[in-house]
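Architecture and fold: a report
If you want the building blocks of each chain, they are given just below.
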Amino acid sequence: FGGKFLNSRRPGSQPHQDPPTFLVDGKSSRSIDSFAPGSRITALCHDLENRLWIGSTDDGLARLDGDKFEDFKNAKNRPNTPVLSLACARDGTMWIGMGNSGIYRYKNNRFEHISKQEGLPPIRVRAISEGKSGDIWFATGGHGIYRFRNEAFQQFSDEHGLPSNEINTLIDDH
């Protein structure tokens, strides 16, 4: 795409109205809300194949490849709604943070739900970030932070010194 993505409120709209999301490429801008009408877009992720992934509260997950739009409503093992966060990792894996059903991973054109067997309870994932070392970090609403390393999860909570288990966002300090 070579552009930037932004949320912006239209003049005259009320603060409680969901802002549209735009793709701006330096020459023009277009709303990507038209690809998922009526949805509240909550997350964007740009993958290694130059596709834009769109997470929303109503329509779940979609992908924009150039002008081709694909939703995943009928995909096998697809994430349910709402999608709260997305992260496209350097190894090509896309991580999907859900409203209350934890984490999905999309790799090799396949969705996988990360469940209790992998050491993860049903959690609300508000943000996802890949660290410099390749670790994947998950900010949760009520369960602190999880780190995914070597195919295993480790939890960090207020019991480990965090001021709260309600974490809203993450950023990796490279």
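Attention in this report is confined to the structure presented alongside it. (Residues numbered from 1 in each chain as written. Predicted model: local features only at pLDDT ≥ 70, side-chain atom pairs only at ≥ 80, totals over all residues. Heavy atoms only, no water.)

Now for the side chain of T140. Take T140: it is sitting in strand β13 (residues 136-140). With a relative accessible area of 0%, T140 lands in the buried category. One polar contact links the side chain of T140 to the main-chain carbonyl oxygen of G144, over a distance of 2.7 Å. Sequence-distant contacts of T140, defined by excluding residues within four places in its chain, comprise I123, R124, R126, Y146, N165, E166 and I167. (Helix = DSSP H or I, 4+ residues; strand = E, 2+ residues; numbered from the N terminus. Buried < 20%, exposed > 50% of the residue type's maximum accessible area, 1.4 Å probe, protein only. Polar contact = N/O pair within 3.5 Å; in protein donor to acceptor, adjacent residues only side chain to side chain. Contact = heavy atoms within 4.5 Å.)

Here the focus is the pattern of salt bridges. In the structure shown here, the tally under the stated rule is nine salt bridges. Residue R51 pairs with D47 through a salt bridge whose shortest N-O separation is 2.8 Å. In this structure, D135 engages R149 in a salt bridge whose closest nitrogen and oxygen atoms are separated by 2.8 Å. Linking D135 in the loop between β12 (125-130) and β13 with R149 in strand β14 (residues 145-149), this pair joins segments that are 14 residues apart in sequence. Residue R149 is classed as partly exposed on the basis of its relative accessible area, which comes to 37%. Beyond isolated ion pairs, a larger network of salt bridges with shared partners links D47, E49 and R51. (Salt bridge = Lys/Arg side-chain N within 4 Å of Asp/Glu carboxyl O.)

Side chains of nonpolar character tend, in soluble globular proteins, to be buried together. Of all hydrophobic cores here, the largest spans 14 residues; its most connected members are W95, I103, L120, I128, I136, F138 and F153. Secondary-structure elements contributing two or more residues to this core are β12, β13 and β14. Residues in contact with I103, not counting those within four places in the same chain, are W95, I96, E112, H113, I114, L120, V125, F138 and F153. In this structure, C45, W53, L61 and M94 belong to the second largest nonpolar core, which totals 13 residues. (Core = buried A, V, L, I, M, F, W, Y, C linked by side-chain atoms within 4.5 Å.)

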